[in-house]
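Coordinate inspection notes
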Amino acid sequence: MEQKENISLLELVLRVFNNCLAHWKIFGLIVFLPTLAMFCVVMWVMKPVFAAEAIVTPPSGKSSIGSSLGKMLENVSGLSSVSSLLGSEDQATNIVWTFFNSWQLHQKAIDKFNIREHYEFDGKYQADLLKIFRKNLTLEYNDENMFYLRFEDEDYKLAAQILQFILAQADSMYNAYNTNQARQSREYMDERLLEVRNNIDSLEKVFTEFQSKNNLYDPEIQLESTVKYLGTLQSERDALVQEISYEKMQRGEDTKRYEELNRRLQSLDASIAAAINGKRNKMGVLALNKTPELTAEYLKLEGELKIQQTIYKFLRQQSEQLRLDEVNMPTNLVVLQPPWENDKKVRPGRSVILVFTVMLSALFAMLFCNFIEYWKNLNPESLAAKEIRKVRMFFKRN
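Note that the coordinates shown come from a computational prediction; the quantities given were computed from them, not determined experimentally.

For the rest of this paragraph, the subject is the pattern of salt bridges. As enumerated under the stated definition, the model contains nine salt bridges in all. Residues Arg 150 and Glu 53 are paired through a salt bridge, measuring 2.7 Å at the closest nitrogen-oxygen approach. A residue pair is termed long-range when its members are at least 10 positions apart, and Arg 150 in strand E3 (residues 147–153) and Glu 53 in strand E1 (residues 49–57) qualify at 97 residues. By relative accessible area, which is 27% here, Glu 53 ends up partly exposed. As a salt-bridge pair, Arg 347 and Glu 152 come within 2.3 Å of each other at their nearest N and O atoms. Here Glu 152 lies in strand E3 and Arg 347 lies in strand E5 (residues 345–347), a separation of 195 residues in the sequence. Residue classification places Arg 347 among the partly exposed residues on the basis of a relative accessible area of 38%. Through salt bridges with shared partners, a single ionic network connects Glu 53, Arg 150, Glu 152 and Arg 347.

So this is what it looks like as structure tokens:
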């Protein structure tokens with residue numbers, strides 16, 4: 001029965017180290033050959049990869065007609081539906097994000113710079129080429145609410161050109177989207193303009209007929225004039241009544257003066273009654289018994305007409321603004337950090353790869369050297385030796 005030997009950690013380390021020194025040629029060969037092979041690979045086989053970067057501010061959303069215009073339209077009766085056509089800042093950011101990730105934009109870049117030949121792609125499906133292209137393209141929305149774009153390629157000049165092309169095309173696509181949105185909104189505005197214009201014409205006709213029929217042109221002024229007119233008549237009547245009473249007391253009722261004063265009183269009463277009953281409306285005097293109803297109807301028609309005129313003026317202004325938006329092509333994406341030809345590679349990390357290779361090879365060489373020493377000192381009659389012989393016999397038979 002084998003006795004187990006108790007050794008300390010230091011003794012174990014020294015034994016492993018001595019076993020490696022005992023076979024230092026094998027150890028050096030195992031470390032040197034993989035390291036040399038990996039050195040050749042990283043120097044001449046693995047091509048360096050370069051990166052072009054850009055930081056872009058998203059559009060404010062005002063270029064897509066404007067979120068403020070949308071709020072104004074929502075406050076105007078009958079126009080809240082058009083506000084859905086108008087852009088906001090968050091919507092503009094999402095739209096540009098979609099354009100940056102769209103396959104149409106990526107396909108344009110692939111066709112423009114002949115990426116199929118550059119990648120030496122011989123696959124059957126275009127989707128696979130797009131997938132490879134997108135692996136090299138990075139798009140992020142950072143904490144500063146800006147777009148961060150990065151493109152990696154083996155040609156640093158081509159990487160910068162592709163990123164510049166993507167930025168220009170995304171801005172162009174966003175302008176095309178704005179133009180289309182402006183056109184749709186303008187067409188809606190023009191339809192509403194025609195509808196409101198017809199409403200105004202109909203209301204003006206009804207309003208004019210109402211004024212002519214009732215001789216009501218300005219209720220406030222006419223009512224004030226009517227009250228003053230009736231007040232004047234009433235004052236004259238009161239004075240005349242006093243004069244009649246005085247004449248009756250002094251000379252009696254049989255005088256010509258008394259009869260004349262009575263005729264004047266009857267005439268004043270007839271004038272007051274005519275004014276109250278609306279028989280003087282052609283002169284602008286209102287019938288007091290119909291004034292509330294007529295005034296309410298007048299104000300209703302006038303108010304509706306003013307509302308339609310205000311809407312028409314507003315729609316006309318916005319229609320002209322949308323016509324300008326259709327032909328206006330501003331730069332929506334402000335590039336804070338433009339892509340440039342950065343000739344400093346980002347990968348592969350040659351030193352890291354070589355250090356990792358040396359460490360891994362040294363670990364394997366240490367295990368191999370210690371296995372040799374273990375095999376030399378192994379008792380042929382031990383259980384481990386028997387098991388190892390079985391393994392060797394298995395490989396010999398096969």
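Here helix H5 (residues 103–112) crosses helix H8 (residues 156–214) at 135°, and the two axes come no closer than 10 Å. Accordingly, the angle class assigned to the pair H5 and H8 is oblique. Regarding H5 and H8, the two cross each other, and that crossing is right-handed. Here Leu 105, Lys 108, Ala 109 and Lys 112 of H5 come into contact with H8, specifically with Phe 165, Ile 166, Gln 169, Ala 170 and Met 173. Across the contact of H5 with H8, the residue classes break down as six nonpolar, one polar and two charged.

The rules behind these values
- In every chain, residue numbers begin from 1 and rise along the written sequence.
- Thresholds applied to this predicted model are a pLDDT of at least 70 for local features of residues and 80 or more for the giving and counting of side-chain atom pairs; totals over whole chains, interfaces and linings are not thresholded and use all residues.
- Excluding hydrogens and water, the side-chain values take into account all heavy atoms of the structure.
- A side-chain nitrogen of Lys or Arg and a carboxyl oxygen of Asp or Glu constitute a salt bridge if their distance falls within 4 Å.
- The way it works is that DSSP assigns letters per residue, a run of H or I at least four long becomes a helix, a run of E at least two long becomes a strand, and they are numbered from the N terminus.
- Any residue under 20% of the maximum accessible area for its type is buried, any over 50% is exposed, and the rest in between are partly exposed; the area is computed with a 1.4 Å probe on protein chains only.
- For helices, the fitted line uses only the C-alpha atoms of the stretch in contact; every axis is such a line through C-alpha atoms, and the angle between N-to-C directions lies from 0 to 180 degrees.
- Put simply, angles under 35 degrees are roughly parallel, angles over 145 are roughly antiparallel, angles from 65 to 115 are roughly perpendicular, and the rest are oblique.
- Crossing handedness follows the turn of the near helix against the far one: under a right angle anticlockwise gives a left-handed crossing, and clockwise gives a right-handed one.
- Pairs of residues are marked as contacts when any of their non-hydrogen atoms sit within 4.5 Å.
- Lys, Arg, Asp and Glu make up the charged group, whereas Ala, Val, Leu, Ile, Met, Phe, Trp, Tyr, Cys and Pro make up the nonpolar group; the residues left over, Gly among them, are polar.

These results come straight from atomic positions and should not be treated as a statement about function.
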